[in-house]
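Residue-level structural notes
One-letter residues, chain by chain:
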Amino acid sequence: MPDTKTDKRQILAATAHNIARAAAILRDGGLVAFPTETVYGLGANALDPVAVKKIFAAKERPYWDPLIVHVTSVEMARTLAIGLPERLTKRFWPGPLTLVLQKLPCVPDEVTAGRPTVALRMPKHPVASALLTAAQVPIAAPSANRFGCPSPTRAEHVLADLGDRVDMILDGGPTEIGVESTILDLTRMPPVILRPGGVPREELDNAAVAPAVEDEHVIAPGMSFKHYAPRARVEVFETEDALRARAAELPNAAVLIPKAETLFAQLRELDSQGTPVILALLPDPVGLGLAVRDRLTRAAATATVSDHSRRGGRAV
Ligand code: TXA
Ligand code: MG
């Protein structure tokens, strides 16, 4: 059971007044949860190591898992890292693409888990950009969930996971994309997609990212296999026939035909209903389907999409 106190007064509408208050909290070393176009983030001043440490404590996140730094402009990004590719920032920023680059010395080790690289992203959500503009500091922000739980796509999800561990939750309504940003590591040649996400792989291919590859041995450090996990057991299926056959065997199981925008909210909702097993259909690996497959496969955790599920059996 979460031991956080929940107080609905922490959730505030994202008015100009509250955004200004949130910016002041960030500058004073506090924690603010805020909406982005992907999922809600738990923000702290990225240049303040003490504030950044509070993020890890609130989320119960291991210190070896580095944070994404959110910026308001390419100029701000240039103060944090070298080698920003104009071709990509022009096309994909602001938006759900995180770039891993060589960091500059001003970025604290607390943010990067001691790595020589930093992950940067310019969010598109108007509340996130207004907050960054008001705060005038880069904001380190992981997803605002307990480590390992499904990411939050509504302010209420943040409250349920983090309660009074956060100084303020800015409410921007449900997030639009619903899965986290695509992470592209530009310190490798060719660049590697460390996490599929809000920018589909096809769009990166079109932008000729040299070409971006996925490498099953190279994933973002936080993408440990068991991740995004609801309390229910998750089983994943390649075909609806296979899923229906399994559902007939398990009358208590819930069936999930996922869409990116509602995936995490549905996993949380099924948990709150006490569903013991979730049977999920894997979408085709195109567009946002690739990210949805990735998150569900990790939630299932016991097996990757196995050949036998592809042949119509079940993945266990
Ligand atoms: O859409 C998103 O990216 C959201 C919103 C809030 O921006 N953020 C998010 O953060 O998903 P988080 O911390 O939940 O996931 C960030 C991932 C982690 O798996 C982490 O290991 C990886 O990014 N990461 C951060 N810095 C990295 C680095 N220098 N090199 C490689 N991976 C890095
Ligand atoms: Mg996360």
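Residues numbered from 1 in each chain as written. Chains lettered and ligands numbered in written order. Predicted model: local features only at pLDDT ≥ 70, side-chain atom pairs only at ≥ 80, totals over all residues. Heavy atoms only, no water.

**Notes on the overall build of the chain**
When helices and strands are tallied, the chain shows 12 helices and 14 strands. For the chain, buried positions account for 58% of its 316 residues. Relative to all contacts within the chain whose residues are 6 or more apart in sequence, the contacts with residues 24 or more apart total 69%. Only carbon and sulfur atoms are counted for the fraction: they give 54% of the accessible area of the chain, which is about 13,400 Å². (Helix = DSSP H or I, 4+ residues; strand = E, 2+ residues; numbered from the N terminus. Buried < 20%, exposed > 50% of the residue type's maximum accessible area, 1.4 Å probe, protein only. Contact = heavy atoms within 4.5 Å. Areas by Shrake-Rupley, 256 points an atom, 1.4 Å probe, with all protein chains shown as cover.)

**A word on the packing of aromatic side chains**
By the definition in use, this model includes 2 aromatic pairs. Here the aromatic rings of F56 and Y63 are separated by 4.9 Å at their centres, their planes lie at 25 degrees, and the arrangement is stacked. By relative accessible area, F56 is classed as buried at 2%. Their ring planes at 90 degrees and their centres at 6.4 Å tell us that W64 and F147 sit as a pair that is edge-to-face. Taken together, the residues span a long stretch of sequence, with W64 in the loop between α2 (49–59) and β4 (68–70) and F147 in the loop between β8 (139–140) and α7 (155–162) at a distance of 83 residues. The exposure class assigned to W64 is partly exposed, which follows from its relative accessible area of 48%. Judged by relative accessible area, F147 falls into the partly exposed class, the value being 25%. (Phe/Tyr/Trp six-rings, centres within 6.5 Å; stacked < 30°, edge-to-face > 60°.)

**Quick notes on α2**
Each turn of an α-helix holds 3.6 residues, which means side chains three or four residues apart point in the same direction. Of all the positions in α2, only A51, V52, I55, F56, A58 and K59 are classed as buried. Buried-residue contacts for α2 involve β3 (40–45), α5 (109–112), β8 and α7. In this structure D48 caps α2, since a side-chain oxygen of it lies 3.1 Å from the backbone nitrogen of V50. Among the residues trailing α2, E60 stands out with phi positive, at a value near 55 degrees. (Polar contact = N/O pair within 3.5 Å; in protein donor to acceptor, adjacent residues only side chain to side chain.)

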